[in-house]
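Each chain, letter by letter, is given below.
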Amino acid sequence: MRSPAIGPGLRDPERPGGVRLPRGSVVTWDGSDRRARLPHDWALRRVRVLRRAGYKCEARFSTGERCGAPANQVDHIVRGDDHSPENLQALCVYCHGQKTAGEAAQARRPRPRRERESERHPGSL
Ligand SMILES: [Zn+2]
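Here the structure is a predicted model, which is why all the values come from computation and not from measurement.

Parameters at a glance
- Residues numbered from 1 in each chain as written.
- Predicted model: local features only at pLDDT ≥ 70, side-chain atom pairs only at ≥ 80, totals over all residues.
- Heavy atoms only, no water.
- Donors = N, O, S within 2.8 Å, 3.2 Å for Na, K, Ca; no water.
- Helix = DSSP H or I, 4+ residues; strand = E, 2+ residues; numbered from the N terminus.
- Core = buried A, V, L, I, M, F, W, Y, C linked by side-chain atoms within 4.5 Å.
- Buried < 20%, exposed > 50% of the residue type's maximum accessible area, 1.4 Å probe, protein only.
- Contact = heavy atoms within 4.5 Å.
- Polar contact = N/O pair within 3.5 Å; in protein donor to acceptor, adjacent residues only side chain to side chain.
- Salt bridge = Lys/Arg side-chain N within 4 Å of Asp/Glu carboxyl O.

Some remarks on the coordination of the zinc ion
Octahedral metals with six donors have ideal donor angles of 90 or 180 degrees. Tetrahedral metals with four donors have an ideal donor angle of 109.5 degrees.
Stage number 1. All of the protein donors around the zinc ion are C57 (SG), C67 (SG), C92 (SG) and C95 (SG); their distances to the metal are 2.3 Å.
Stage number 2. For the zinc ion, all donor residues lie on one chain, and their spacing in sequence is C-x9-C-x24-C-x2-C. Remark: C95 occurs in helix α2 (residues 93-108) and C67 occurs in the loop between α1 (42-52) and β1 (73-76); sequence separation between them is 28 residues.

Now the structure itself:
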């Protein structure tokens with residue numbers, strides 16, 4: 001007996017690694033990601049992230065407990081232009097607000113100076 005052949009039509013439509021960057025996109029770091037571009041298929045990615053999370057908030061409280069409130073927001077775990085599913089999470093309005101507020105506060109706060117690093121930049125002047 002032969003096993004039924006799997007046709008190309010049965011392949012996973014998610015196609016991992018198929019992320020395309022818009023041509024000629026320039027990433028500028030002006031301290032704000034307000035103008036960060038969203039990919040043309042953002043709506044689709046958004047839905048996938050929400051679906052993946054079961055439409056429940058994926059934020060964790062400091063106790064380690066998952067929020068679990070109904071989520072309708074999709075947040076970039078690491079701010080920037082990484083729109084891959086790994087960098088996206090579903091959040092409820094409350095947690096998204098909390099995170100955004102925290103990020104804004106962090107951006108305003110002058111960076112604490114790091115402990116002296118033993119590592120030296122070989123090319124430093
Ligand atoms: Zn939440």
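Section: the nonpolar core
Stage number 1. Ranked by size, the top nonpolar core spans 13 residues in total, and within it C57, V74, A90 and C95 carry the most contacts.
Stage number 2. Taken together, the elements giving at least two residues each to this core come down to α1 and β2 (88-91).
Stage number 3. C57 has contacts with R66, C67, G68, A69, A71, A90, L91, C92 and C95, leaving out every residue within four places of it along the chain.

Structural notes on the side chain of R45
Stage number 1. Structurally, the position occupied by R45 is in helix α1.
Stage number 2. Engagement of the side chain of R45 in a polar contact is seen with the backbone oxygen of H83, the distance being 3.0 Å.

Observations concerning the pattern of salt bridges
Stage number 1. If you walk through the whole model with that rule in mind, you get 4 salt bridges.
Stage number 2. A salt bridge links E103 to R79; its shortest N-O distance comes to 3.5 Å. A residue pair is termed long-range when its members are at least 10 positions apart, and E103 in helix α2 and R79 in the loop between β1 and β2 qualify at 24 residues.
Stage number 3. Residue classification places E103 among the buried positions, given a relative accessible area of 17%.
Stage number 4. K99 is the partner of E103 in a salt bridge, and the nearest nitrogen-oxygen pair spans 3.1 Å. Note that E103 and K99 are positioned in helix α2 at a spacing of 4 residues, about one turn of the helix.
Stage number 5. Overlapping salt bridges, with partners in common, bring together D75, R79, K99 and E103 in one network.

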